[in-house]
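Geometric and topological summary
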Amino acid sequence: KAGVTQTPRYLIKTRGQQVTLSCSPISGHRSVSWYQQTPGQGLQFLFEYFSETQRNKGNFPGRFSGRQFSNSRSEMNVSTLELGDSALYLCASSWGVNDGMDYGYTFGSGTRLTVV
Amino acid sequence: DQQVKQNSPSLSVQEGRISILNCDYTNSMFDYFLWYKKYPAEGPTFLISISSIKDKNEDGRFTVFLNKSAKHLSLHIVPSQPGDSAVYFCAASEINTDKLIFGTGTRLQVFP
């Protein structure tokens, strides 16, 4: 079966711009989570969506937002980009609560965002 | 405040020997723990998990041990293989949430 697909793989944006990243989960998975990976902070949880509703949110400013569509695909938006937003953004999908824990979330390969 | 800590940033092990990766946590509400392996330019790959009601879980060459009283878990890889060389992350989740808190990772190098 197809894995988690994230587009685009690489992105270069200018400070102050906004960006939208996309994530297509594994077919049938209804939970999608987003993580930011930076060399200094490791992987940090951004937010999680289940059936189009945000269920959990991490400690990121309001410039980071997301949404999930009825087909479970999810998008993440970052407005007013800052240099510190340069990171690898990963999304992960699972069936839902606790199922993800037994079998582990399946991660995509990520979108590498560079802000210049 | 780092709730999940991997205090060893790197580990070097000879092929065929045991690799032991350690992880400590501070939040007593964590009820699930997972280990992920990550290669550069790829997303993390799930390895093994353990519920807080267990103290050991095995899957092939991988065994995870959980010591709740010490708030410590470890991943044992036996025997270690060169293909195991990667960054290993431990992660934890509170009950009934799908939010993973990751450690900062340990880079494992397995040499011939």
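For the structure itself, look to the data block above.
Computed from a predicted model, the values in this text were never measured in an experiment. (Residues numbered from 1 in each chain as written. Chains lettered and ligands numbered in written order. Predicted model: local features only at pLDDT ≥ 70, side-chain atom pairs only at ≥ 80, totals over all residues. Heavy atoms only, no water.)

**A look at a nonpolar patch on the surface**
Nonpolar side chains collect at one region of the surface, where I18, I20 and V78 of chain B lie side by side and expose about 220 Å² of accessible area between them. Mapped onto the secondary structure, V78 of chain B falls in the loop between β8 (72-77) and β9 (86-94). (Patch = residues over 30% accessible without salt bridge, like charges linked within 9 Å, V, L, I, M, F, W, Y side chains within 5 Å. Areas by Shrake-Rupley, 256 points an atom, 1.4 Å probe, with all protein chains shown as cover. Salt bridge = Lys/Arg side-chain N within 4 Å of Asp/Glu carboxyl O. Helix = DSSP H or I, 4+ residues; strand = E, 2+ residues; numbered from the N terminus.)

**Some words on the state of the cysteines**
As enumerated under the stated definition, the model contains two disulfides over all chains in all. Residue C23 of chain A pairs covalently with C91 of chain A via a disulfide, S to S 1.8 Å. Across the S-S bond linking C23 of chain A and C91 of chain A, the dihedral sits near 65°, which makes this disulfide right-handed. Here C23 of chain A is found in strand β3 (residues 19-24), whereas its partner C91 of chain A is found in strand β9 (residues 87-94), with 68 residues between them in sequence. Of the two residues examined, C23 of chain A and C91 of chain A, each falls in the buried class. Residue C23 of chain B pairs covalently with C90 of chain B via a disulfide, S to S 1.8 Å. On the sign convention where negative is left-handed, the bridge of C23 of chain B and C90 of chain B, at about 60° about the S-S bond, is right-handed. With C23 of chain B in strand β3 (residues 19-25) and C90 of chain B in strand β9, the pair connects residues that are 67 residues apart, well separated along the chain. The class for C23 of chain B is buried, based on a relative accessible area of 1%. (Disulfide = S-S within 2.5 Å. Buried < 20%, exposed > 50% of the residue type's maximum accessible area, 1.4 Å probe, protein only.)

**A word on the pattern of salt bridges**
All names here are of chain A. Per the stated rule, a full pass over the model turns up seven salt bridges over all chains. Ionic pairing is found between E48 and R55, a salt bridge with its closest N-O pair at 2.7 Å. E48 gets classed as buried once you look at its relative accessible area, which sits at 0%. For the salt bridge of E75 with R67, the shortest nitrogen-to-oxygen distance reads 3.2 Å. We classify R67 as partly exposed; its relative accessible area is 46%.

**Comments concerning the sheet that holds β3 of chain B**
Residues and elements named next belong to chain B. Taken in spatial order, the five strands line up as β1-β3-β8-β7-β6 in an open sheet, and their pairing is antiparallel. Edge positions in the sheet fall to β1 (4-5) and β6 (56-59), since each has one partner strand and no second. Here β1 pairs with β3 via two bridges, running antiparallel. The partner of V4 across the bridge, within β3, is Y25. (Pairing = 2+ DSSP bridges.)

**Quick word on the sheet that holds strand β8 (residues 74-78) of chain A**
All names here are of chain A. Spatially, four strands are ordered β1-β3-β8-β7 in an open sheet, and the strand pairing comes out antiparallel. Of all strands in the sheet, those bounded by a partner on one side alone are β1 (5-7) and β7 (64-68). Neighbour-to-neighbour, the strand axes of the sheet open up by a mean angle of 20°, direction not taken into account. Pairing of β3 with β8, which is carried by five bridges, proceeds in the antiparallel orientation. Residue pairing across strands places L21 opposite M76, the latter belonging to β8. (Axes fitted to C-alpha atoms, helices over the stretch in contact; angles between N-to-C directions.)

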